[in-house]
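Survey of secondary and tertiary structure
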Amino acid sequence: MPFSRRSPLISVELAKRLDGLPPYLFAEIDKVKDEIRRQGVDLISLGIGDPDLPTPPHIVQALQAAAEKIANHQYPPYEGTQTFRSAVAHWYQRRFGVKLDPATEVLSLIGSKEGIGHLPLAYINPGDAVLVPDPGYPVYHAGTVFAGGDPVVMPLRASNGFLPDLKAIAPEHARRAKLMFLNYPNNPTAAVAPREFLEDVVEFAHRHRIIVCHDAAYSEVAFGGYCPLSFLEVDGAREVGLEMHSLSKTYNMTGWRVGFAVGNPHLLAGLATVKTNLDSGVFMAVQDAAVAALTGPDECVEEMRRIYQRRQEITLAGLKEIGLQAERPHATFYLWVPVPPQYTSSELTTRMIREAGVVPTPGIGFGAHGEGFIRLSLTVDDHRIREAIERLKIVGL
Ligand SMILES: Cc1ncc(COP(=O)(O)O)c(C=O)c1O
């Protein structure tokens, strides 16, 4: 960069708030990936939760038409267009039987990650505790840290169906907590939550006056007749809760950056205040395309489920042959695979990359309680999955 040559190098320390982020654990694994790629190995990545399937054509066409409209070129209303919010409310009614007021109970997001990251800024003061699942989607922790909050881990253990044990939350933590993050169907464990658990969460939240933010990004990626619940279906949930939603996984739209938060209007208003001061909403043409997705035919979603289910079957059968046993999940496109006792999750990951050119994510990357597992993301086609299994068979684990 020309100007950096002229100006003296300055040394400015990173803000202290960044110190609270967990250490980056993948430096060693990244090095191995680079080294193997440089050797010309064709890596098969099962590491990233980013659908390989294209966005359905009717949604792409809706964007093309909407991008032509001059009115869409201006700043959008920060809370989302009326049409978008009404489409979300209709979708919620149709899908979950939950009635929402589009004017006060729906807020557009630049992807659900944005809403999750910003929510603590609205409600968390320095020193407030936030209950976060471990293993879990890292943004719950990061958003808490950026707001000066204190993330308090709720371990997700296989012995409890990867649900947090609410009775094990220390009274001191329950007293200090203002917010709990939950996510079902779950990333990374692929677990789902029964209604009774969600009822217990609502009771806990009322008793301790805690906001619940339920992340439902994977609610539509479910199999074998299993139909995930909305948190808002539970009696009393609306008084304490918000639900974060995304079009990313349902319609293969990760790159489009569109999602929404729904639920308690007062809680949404807090989040909206943060957002009006930091972002200017979702491109209106993208909102129009999201309307086409939410109000359009469901066949594309059914096809997506069929594809992931077939990949699940191929992978589970292959893993069995290799001697790895994973549960068949009811939802998500992940497999949460126990690591044989002779390895840590990072060691097994390194070995799979180095010797087979197959890239999983080590469970430790999702928190200390993710140790003992690797996550496989079934976001490559059947042929690549079969090839990954064949390569792993040759290596032998
Ligand atoms: C559990 C969970 N929540 C939220 C997101 C964010 O999705 P988006 O920001 O694309 O809506 C992801 C993405 O992988 C996720 O796994």
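Structure: see above.
Throughout what follows, the structure given in this document is the object of discussion. This one's a predicted model, so the numbers in the text were calculated from it and none came from an experiment.

**A word on the nonpolar core**
In terms of nonpolar packing, the biggest core is built from 39 residues, with Y92, L247, Y251, V258 and F260 touching the most fellow members. For this core, the secondary-structure elements that each account for two or more residues are helix 3 (57-68), helix 4 (82-96), strand 8 (259-263), helix 11 (284-295) and helix 12 (299-322). In terms of nonpolar packing, the next biggest core, distinct from the first, is built from 32 residues, L166, A174, A193 and A205 among them.

**Re a negative patch on the surface**
Together, E196, E199, D200, D235 and E239 give the surface a local cluster of negative charge. The dominant element in the negative patch, judged by the number of residues it contributes, is helix 8 (residues 195-208), at three residues. Within the secondary structure, E239 is located in helix 9 (residues 237-240).

**As for the site of the ligand**
Around the ligand there are 15 residues in total, and D215, Y218, S246, S248 and R257 lie nearest to it. With respect to the ligand, the side chain of S246 contributes an N or O atom lying 2.6 Å from an oxygen atom. Here S248 contributes a side-chain N or O atom positioned 2.6 Å from an oxygen atom of the ligand. Burial of the ligand by the protein chains amounts to 92% of its free accessible area of 400 Å². For the shell around the ligand, the element with the highest residue contribution is helix 5 (residues 112-123), accounting for three residues. Considered class by class, the residues forming the shell around the ligand number five nonpolar, six polar and four charged.

**Comments concerning the sheet that holds strand 12 (residues 373-377)**
The three strands lie next to each other as 9-12-11, forming an open sheet whose pairing is antiparallel. Looking at strand neighbours, the two that pair on one side only are strand 9 (334-338) and strand 11 (361-362), the edges of this open sheet. Pairing analysis gives two bridges linking strand 11 to strand 12, with the strands arranged antiparallel. The residue of strand 12 that forms the bridge with T361 is R375. Along the sheet, helix 12 makes contact with strand 9 and strand 12, crossing strand 9 at roughly 15 degrees.

**Things to note about helix 6 (residues 139-146)**
For an α-helix the count is 3.6 residues per turn, leaving residues at separations of three or four pointing the same way. Here helix 6 lies mainly inside the structure; six of its eight residues are buried. Among all positions in helix 6, only V139, Y140, A142, G143, T144 and V145 are buried. Those residues of helix 6 that are buried are in contact with helix 5, strand 3 (129-134), strand 4 (150-155), strand 5 (177-183) and strand 6 (211-215). Of the residues trailing helix 6, G148 is marked for its positive phi of about 85 degrees.

**Considering unusual backbone geometry**
Backbone torsion omega between D134 and P135 reads 5 degrees, so that peptide bond is classified as cis. For P135, the position within the fold is in the loop between strand 3 and helix 6. The linkage connecting N187 with the following residue, P188, adopts the cis geometry, with an omega of 15 degrees. When you line up the elements, P188 lands in the loop between strand 5 and helix 8.

**Examining the side chain of K249**
Within the secondary structure layout, K249 lies in the loop between strand 7 (241-246) and strand 8. D50 is the oppositely charged side chain nearest to the buried, salt-bridge-free K249, at an N-O distance of 6.5 Å. A polar side-chain atom of K249 sits 2.8 Å from the main-chain carbonyl oxygen of G49. Setting aside chain neighbours within four positions, we find K249 in contact with G49, P51, A217, Y218, V221, T254, M304, F333 and Y334.

**Re the sheet that holds strand 8**
As a general point, the strands of a sheet are linked pairwise by backbone hydrogen bonds and lie either parallel or antiparallel. Read across the open sheet, the seven strands follow the order 2-8-7-6-5-3-4; overall the sheet is mixed. Both outer strands of the open sheet, strand 2 (106-109) and strand 4, are each paired with one neighbouring strand and no more. The sheet shows a mean angle of 25 degrees between the axes of neighbouring strands, taken without regard to direction. In this structure, strand 5 lies alongside strand 6, joined through five bridges in parallel fashion. Bridged to L182 within strand 6 is H214. In this fold helix 5 packs onto strand 2, strand 5, strand 6, strand 7 and strand 8, with an angle of close to 155 degrees to the strand it touches most, strand 7.

Thresholds, definitions, all that
Residues numbered from 1 in each chain as written. Predicted model: local features only at pLDDT ≥ 70, side-chain atom pairs only at ≥ 80, totals over all residues. Heavy atoms only, no water. Core = buried A, V, L, I, M, F, W, Y, C linked by side-chain atoms within 4.5 Å. Buried < 20%, exposed > 50% of the residue type's maximum accessible area, 1.4 Å probe, protein only. Helix = DSSP H or I, 4+ residues; strand = E, 2+ residues; numbered from the N terminus. Patch = residues over 30% accessible without salt bridge, like charges linked within 9 Å, V, L, I, M, F, W, Y side chains within 5 Å. Areas by Shrake-Rupley, 256 points an atom, 1.4 Å probe, with all protein chains shown as cover. Salt bridge = Lys/Arg side-chain N within 4 Å of Asp/Glu carboxyl O. Lys, Arg positive; Asp, Glu negative; His and termini not counted. Charge placed at Lys NZ, Arg CZ, Asp CG, Glu CD. Near = heavy atom within 4 Å. Polar contact = N/O pair within 3.5 Å; in protein donor to acceptor, adjacent residues only side chain to side chain. Nonpolar A, V, L, I, M, F, W, Y, C, P; charged D, E, K, R; others polar. Pairing = 2+ DSSP bridges. Contact = heavy atoms within 4.5 Å. Axes fitted to C-alpha atoms, helices over the stretch in contact; angles between N-to-C directions.

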